[in-house]
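A look at the structure
As a plain string of letters, each chain reads:
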Amino acid sequence: MRRSAGAVTLRHAAPSLRERPAAGWVAHPRVEQNVGERGAGEQDGPAGLVAHPRDGRAGLGAGGELPGDGEGRMGRAGDVLAGLGLGLTAVTLGIVLAAVAFSTVWLMVGADDGNLTQSMSIRTWVAPGGVANLGPGLVWALFVVALCRLAWGRGRALDGPRARRALVAGTFVVQVVIILALQARDTYWGDSWMVSDFVRAAVDGGIPSIFRGPYRTLFYDARLYFSCYPFQATLFWMMYGLRLVFGDASFMVYQLISAAATSLGVWALLDLARLCCRDARGQRVAWVLVALCAPMYLLSMFLYGNAMGCGLALAFLALQARAMSAGGREAAAWCAASLAPLAAALCVKATFVLFAIGALLAWFVLALVRRRGWGLVGCVAVVAVAHALSGLPFDALATASGGYEFGGSLTTLNHLELGLRMGAGEFYVSVDDGPYEYAPGGWSNHSNAVWLASGENADVQNEVATHELAADVLAFAKHPGYAMRFFAVKLATEWADPTYQSLYYLSMCGNAAGVRVNPADTSTPLGAASSVLIDVLDGYQTVTFAAALGAAVLTCRRWGRGGVRNAAVLLLAAVFFTGFGCYLLWEAKAVYVLPFAIVALPLSSVGLSALFRYTEGLFPHRRDTC
C-alpha cells in the first residue's frame, strides 16, 4: 500500500387507458414509458398494456403511474415538487462528485503499531504528486465503465432470477470466507468492546450486577452508558444472547448475521434496479455495480449495527418501492411487509430512520401527483409502528436492570451541534501535507460532557445546544472563508474515502491471540490486495456518483413529460438527499454515509444505461445484440 509522510492510501408515451378507479388504495394503473428503454423480448400487449409478470393482468408502468397522475392543480403541484426534489438531489450528487473526483483520502497508521487509525490525509489533484495519487483511480474508472458497457451489451448471462440469486448467494459466500479467515474473538472498536465488556460481566454475574456498585466514568459504567445511548440496548441483547449460546464464537456468529443482512440488501438493490431501469440491459449494469461494491461486504466484519441495519433498511426501501409501483391490495400488502425490516433496522441502528424519512417525502410527492393519499397514510403508519417497536430492547433492559431508574438520553440537538464544531480527541486531518488539525465535525467528548453536566436532563441539553448552534452559525456567517473550508474538508472526510472506513473497521477485529489483521502492511497478501482494491474503489466511486448525477438530471428533466414518472427513482433520490443533508450537519464519519452511497447504485445503473444508449445511437452500425 502506498505510503507518504506516514500515510497509507485507503481510499411516444404509451396510450392512456381510462378506467373507473378500482377499490383499494389506488386506482387501476395506466401505462407510462420509463426513463430507460425496454430490453429485447419485452413487448407491449393490446392497447399499450404491460403484461403482469405472474398472470398476464395489466400492471403498473415502470414508474407506477396511475390514471390522472399530474392532472389538476394538486397533480401539477406534485410534479413541481418532484422536479424540485430531483433537482436538489442532483445538486447534492454534484457536490459529492466534486469531492470524490477532486480528492482522495489516505487513512493514517499509528506510529506505535502500524495499524490503521481514523485520522486522514486528504490528497487533491493540485498538490505535488496529485496525478500519481489520483491517476490510478481514473484508470480504474475507465475499467469500471468498460466492464459495465460489456455487461450492458453482451451480458445476457446476467439476466433473470437465476443471475440475481447467484449474486445474492455469491456475496454471502465471499463474506463467510472473510469471516472464517478473520476468526474474530475480540474487538478493539470503542462501542463494541464497551458493550462486549458489559455482556461478559452480565454473563458472569447476571444482568442486574452491571447496574450496581460505585459509579465509574461514562464508557465503563453500564448505568451511565445506556442512559446516554439507549439505542445500544439491541447490541447488548444480541451479543448477550449469542455469547450464552456460542461462547467465544459469538463474534463470528454476529458477523454471519450481518453478512446475511447484507446479502438481503443485495436482493433489495437488484429489485430497486429492476423498478428503476425496467429494461434488461440496465439491470445488468446494476448487477455489476452491486457486485463491485466491496465496502458493503467488508462492513459485515464490523461488530456493530451498521451492516445489519443497512441491509434491513434497503429491504424496507425495496418493499416500499413495490408498494409505490402496485395498486390496490397488492400495494397495501407490500407496504405492510416493509414494517418488519424497518423495525429491525431501527432497533439495531436508529439513524436508519433517515431511510424512512426519505420514503415519507417520496410518498408525500406521489400523494399530490396521484391526488390520493392512502399510500402516504400507510407509510406513516409503518414508520410510526416501527419507531415504537424500536424502543422495546431498551425497555427490556430497563426491566432486567433490577429497578435502576435511567435518566434522559443524549438529545438529537446536542449531538447535532457536534457536527458543526471542530472535533477533538481521536480524529485528525491533514490536507495536501499541511498541518494536522482536528477534523471538522469529528467526534469529541463535548456532547457527552453537556449530557453529564445537565444531570441527564433533555431540556437543559437542548438549551445549551441551542446557544452553541447559534454561536456556530454566527461564526460561519462572520467568517465565510472558514465556513467554506470547514464544510469542504468535512465533505471530503465523509465521501472521498473509497473504502468508507470498511478496512479500518475490519482491522478492529482480533483473533484468539489478540492479533489484528493489518490492511496497511503491504508485505502481506492482504495489504497488497488492499492497495489494489483501494485504487479500484477510487475509480468505482467516481463512476457511480457521476452516473447517479446523470440519472437525477435526466429524470428531473423528463418527470411528467409524456407520462414519464418513476416512483422508484424518486424514492432513492429522496433517501440520498435526506442522508446528504443530515450528514452535512451531523458528526462526520465516512462509514455513516456508506448506506447512501449504496442507495445511489440503482440510480447509477440508470445513468450508465442512458450513456450507453446515447453512444450506441452515435454508432448504430456497431449496435450490440442482447
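Sequence order sets the numbering: in each chain, residues are counted from 1 along the sequence as written. With the structure being a predicted model, the display of local features is reserved for residues of pLDDT at least 70 and the display and counting of side-chain atom pairs for 80 or more, all residues being used for whole-chain, interface and lining totals. For the side-chain quantities, the full set of heavy atoms in the structure was used; hydrogens and water were omitted.

1. Considerations on the overall build of the chain
To keep things clear, this is the line we draw: Think of it this way: any DSSP run of H or I at least four residues long counts as a helix, any run of E at least two long counts as a strand, and we number them from the N terminus. Exposure classes here rest on a 1.4 Å probe applied to the protein chains alone. A residue is buried below 20% of its type maximum, exposed above 50%, and partly exposed in between. Per-residue and other accessible areas follow the Shrake-Rupley method at a 1.4 Å probe size, with only the shown protein chains counted as cover for residues.
Scanning the chain from terminus to terminus reveals 24 helices and eight strands. A total of 626 residues make up the chain; the buried ones form 56% of that total. As displayed, the chain offers around 24500 Å² of accessible surface, 65% of which is attributable to carbon and sulfur atoms.

2. Re the packing of aromatic side chains
For any pair of aromatic rings, geometry is given as the distance between the ring centres together with the angle between the planes. Here is the rule: Here a pair means two rings of Phe, Tyr or Trp (six-membered ring of Trp) with centres within 6.5 Å. Their orientation is stacked below 30 degrees between planes, edge-to-face above 60, and tilted elsewhere. Consider the ring centre and the ring normal. A charge sits over the ring if Lys NZ or Arg CZ is within 6 Å of that centre and within 35 degrees of that normal.
With the rule as written, the count across this model stands at 37 aromatic pairs. Through a chain of ring-to-ring contacts, the aromatic side chains of Phe198, Tyr225, Phe226, Tyr229, Phe231, Phe236, Trp237 and Tyr240 assemble into a single cluster. Sitting above the plane of the Phe612 ring, Arg149 keeps its charged end 5.8 Å from the centroid. One cation-aromatic arrangement involves Arg322 over Trp334; the distance from NZ or CZ to the ring centre is 4.5 Å.

3. As for the pattern of salt bridges
Stated precisely, the cut-off is as follows: Salt bridge, as used here: a side-chain nitrogen of Lys or Arg that lies within 4 Å of a carboxyl oxygen of Asp or Glu.
Under the definition given, this model contains 12 salt bridges. Residue Asp221 pairs with Arg223 through a salt bridge whose shortest N-O separation is 2.9 Å. Each of the two residues, Asp221 as well as Arg223, counts as buried. Glu616 serves as the salt-bridge partner of Arg281, at 3.5 Å between the closest nitrogen and oxygen. Linking Arg281 in helix 8 (residues 280–291) with Glu616 in helix 24 (residues 601–618), this pair joins segments that are 335 residues apart in sequence. When sorted by exposure, Arg281 lands in the same class as Glu616, which is buried.

4. Observations regarding a nonpolar patch on the surface
In plain terms, the rule: What makes a patch is a set of residues exposed beyond 30% relative accessible area and free of salt bridges, joined within 9 Å when like-charged and within 5 Å when nonpolar (Val, Leu, Ile, Met, Phe, Trp, Tyr).
A grouping of Leu81, Leu84, Leu88, Phe364 and Phe577 is seen on the molecular surface, where their side chains present a nonpolar patch of about 420 Å² in accessible area. Per-element tally for the nonpolar patch: the top contributor is helix 1 (residues 72–102), with three residues. Among the structural elements, Phe364 can be located in helix 13 (residues 353–370).

5. Structural notes on the nonpolar core
Here is the rule we go by: Joining through side-chain atoms within 4.5 Å is the link that ties buried Ala, Val, Leu, Ile, Met, Phe, Trp, Tyr and Cys residues into a set, and such a set is a nonpolar core. Between two residues, a contact is recorded if the distance between any of their heavy atoms is within 4.5 Å.
Phe236, Trp495 and Phe545 are the most contacted members of the largest nonpolar core, which has 168 residues in total. By residue number, the principal contributor to this core is helix 7 (residues 250–277), which donates 14 residues. The contact partners of Phe236, leaving out residues within four places of it in the chain, are Val195, Phe198, Val199, Ala202, Ile207, Ile210, Phe226 and Leu397. Counting residues in hydrophobic clusters, the runner-up holds five residues, among them Leu420, Leu469, Ala483 and Phe486.

6. Focus: the packing of helix 6 (residues 233–246) against helix 7
Applicable threshold: Comment: axis = line fitted to C-alpha atoms, over the contacting stretch for helices; angle = value between 0 and 180 degrees taken between N-to-C directions. Any angle that falls under 35 degrees is termed roughly parallel, while one over 145 is termed roughly antiparallel, one within 65 to 115 roughly perpendicular, and all others oblique. Crossing handedness follows the turn of the near helix against the far one: under a right angle anticlockwise gives a left-handed crossing, and clockwise gives a right-handed one. By the convention adopted, Pro, Cys, Tyr, Trp, Phe, Met, Ile, Leu, Val and Ala count as nonpolar, Lys, Arg, Asp and Glu as charged, and the other residues, Gly among them, as polar.
Where helix 6 contacts helix 7, the axes come no closer than 8 Å and their chain directions differ by 125°. Taken together, the axis directions place helix 6 and helix 7 in an arrangement best described as oblique. Crossing hand, helix 6 versus helix 7: right-handed. When helix 6 is examined against helix 7, the residues Leu235, Met238, Met239, Leu242, Arg243 and Phe246 are found in contact with a partner set consisting of Ser250, Phe251, Val253, Tyr254 and Ile257. Across the contact of helix 6 with helix 7, the residue classes break down as nine nonpolar, one polar and one charged.

7. Topic: the pairing of strand 3 (residues 103–109)
Rule in force here: Each pair of strands is called paired provided DSSP finds at least two bridges between the two strands.
Burial of strand 3 is extensive: seven of the seven residues sit out of reach of the surface. Alternating positions in strand 3 separate into two faces, Ser103, Val105, Leu107 and Val109 on one and Thr104, Trp106 and Met108 on the other, with burial throughout. One ladder, built from six bridges, connects strand 3 with strand 4 (residues 116–124); its direction is antiparallel. Following the sheet pairing, Leu107 is matched in strand 4 by Met120. In this structure, the hairpin formed by strand 3 and strand 4 is closed by a connection of six residues, where Gly114 is found at a positive phi of approximately 75°.

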